[in-house]
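Below are the chains, spelled out letter by letter.
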Amino acid sequence: MFETIPDSWRGALEPVLATAQARQLGSWLRAEEDAGKQVYPPRGCRLKALALTPLDSVKVVILGQDPYHGPGQAHGLCFSVPEGVKPPPSLANIFKELETDLGMARPDHGNLARWARQGVLLLNNTLTVEQGQAGSHAGRGWDTITDACVAAVAERSVPSVFILWGSHAQAKGKRIASLRKDGPHLLIESPHPSPLSAYRGFFGSRPFSRTNAFLEEHGRGGIDWRLES
């Protein structure tokens, strides 16, 4: 169920994966799939965010809520979809802000793996979902595991950027004791890029240029946010 934990994340995750809650999550997921329910993303992709972004290379953390629940959309990176899949509305708004912020043309696809390989941890709070049922796997135990991932980054002394879009991501940030506004990291908070809230302060928040300015100031090098085909 948890697939193979990437080596760089093993020390941070093994204690929480050994808990009864994590075992219950695994048993529940297997039961759901055995009952014929379609779970996204498919097996082999559920820890893709950790596989593409080793702990020691994390520069930026972007937090999502749960995976897309439509066929072919979720592939293990928050807000991202495979090439050939139309970007959902929130991702389209992210690209709109990227264009305004950095003057970059909007990408012709929604695969954010290039960001992940540069050190952008694209992590959902809940790592699985039932087809057509948004939020269906929330509260089953994933949040404890993903909290441990966020804490592992926040506890490092090397400065990183945490981009918290919307109330769910911001609430998750507040649960991490080592993620403080007076710490070594930059916290960028704004409304969610969803069409329901993007005009309340997401647009114009300039998260991409602010991230790069901070990383460059601290000698970590900025992110190349372009998404070439």
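Details of the structure are given in the entry above.
Predicted, not measured: the structure shown is a model, and the values here were computed from it.

This brings us to the nonpolar core. Within the largest apolar cluster, 69 residues are counted, with the highest numbers of intra-cluster contacts made by W9, L13, I62, W115, L121, L123 and F162. Element by element, the count of residues in this core is highest for helix α6 (residues 142-154), at 9 residues. With sequence-adjacent residues up to four places away left out, I62 is seen in contact with C78, F79, V120, L121, L122, L123, I163 and W165.

So, on to the environment of L29. Its place among the elements puts L29 in helix α2 (residues 20-34). Using a relative accessible area of 1% as the deciding quantity, one classes L29 as buried. Here the alpha-carbon distance between L29 and A138, two residues 109 residues apart in the chain, equals 12 Å.

Along the chain, the position of S90 falls in helix α4 (residues 89-102). Under the relative-accessibility criterion, S90 is labelled buried at 13%. Those residues in contact with S90 that sit more than four places away from it in its chain are F79, H192, P193, S194 and P195.

Turning our attention to the sheet that holds strand β6 (residues 186-190). Across the sheet, which stays open at both edges, the 4 strands sit in the order β3-β2-β5-β6 with parallel pairing between neighbours. Looking along the sheet, the strands with just one partner apiece sit at the ends: β3 (120-124) and β6. Ignoring strand direction, the axes of neighbouring strands in this sheet form an average angle of 15 degrees. Pairing of strand β5 (residues 161-165) with β6 involves 5 bridges; the strand directions are parallel. Residue pairing in the sheet places I163 in a bridge with I188 of β6.

Tallied over the full model, the rule gives 13 salt bridges. In this structure, the salt-bridge partner of D224 is R114, at a minimum N-O distance of 3.2 Å. Taken as a pair, D224 in the segment after α8 (207-217) and R114 in helix α5 (residues 113-117) lie far apart in primary sequence, 110 residues in all. Taking relative accessible area as the criterion, R114 reaches 31% and is therefore assigned partly exposed. D182 serves as the salt-bridge partner of R180, at 2.9 Å between the closest nitrogen and oxygen. On the basis of relative accessibility, which here comes to 61%, the residue D182 falls in the exposed class. Counted as one network, the salt bridges with shared partners bring together D7, R10 and E14.

Evaluation of the coordinates by the stated rule reveals 7 aromatic pairs. Judged by centre distance (4.9 Å) and plane angle (90 degrees), the ring pair of W115 and W225 falls under edge-to-face. Residue W115 is found in helix α5, and its partner W225 is found in the segment after α8; the two are separated by 110 residues along the sequence. In this pair, the class of W115 matches that of W225, namely buried. Residues Y199 and F203 carry aromatic rings whose centres are separated by 4.8 Å and whose planes lie at 65 degrees to one another, so their mutual orientation is edge-to-face. Classification of Y199 as exposed rests on a relative accessible area of 65%. Each member of the aromatic cluster is reached from another via a ring pair, and the members are F79, W165, Y199, F202 and F203. A cation sits over an aromatic face here: K96 above F203, 4.9 Å from the ring centre.

Before going further, it helps to examine helix α1 (residues 7-17). Turning to α1, its buried residues are W9, L13, V16 and L17. For α1, the buried positions fall inside an angular range of 80 degrees around the axis, keeping them on one side. When the buried face of α1 is taken as reference, the exposed residues oriented beyond 90 degrees from it are D7, G11 and P15. Contacts made by the buried residues of α1 are with α2, α3 (48-52), β3 and α6.

About the thresholds
- Residues numbered from 1 in each chain as written.
- Predicted model: local features only at pLDDT ≥ 70, side-chain atom pairs only at ≥ 80, totals over all residues.
- Heavy atoms only, no water.
- Core = buried A, V, L, I, M, F, W, Y, C linked by side-chain atoms within 4.5 Å.
- Buried < 20%, exposed > 50% of the residue type's maximum accessible area, 1.4 Å probe, protein only.
- Helix = DSSP H or I, 4+ residues; strand = E, 2+ residues; numbered from the N terminus.
- Contact = heavy atoms within 4.5 Å.
- Pairing = 2+ DSSP bridges.
- Axes fitted to C-alpha atoms, helices over the stretch in contact; angles between N-to-C directions.
- Salt bridge = Lys/Arg side-chain N within 4 Å of Asp/Glu carboxyl O.
- Phe/Tyr/Trp six-rings, centres within 6.5 Å; stacked < 30°, edge-to-face > 60°.
- Lys NZ or Arg CZ within 6 Å of the ring centre and 35° of its normal.
- Arc of directions from axis to C-beta.

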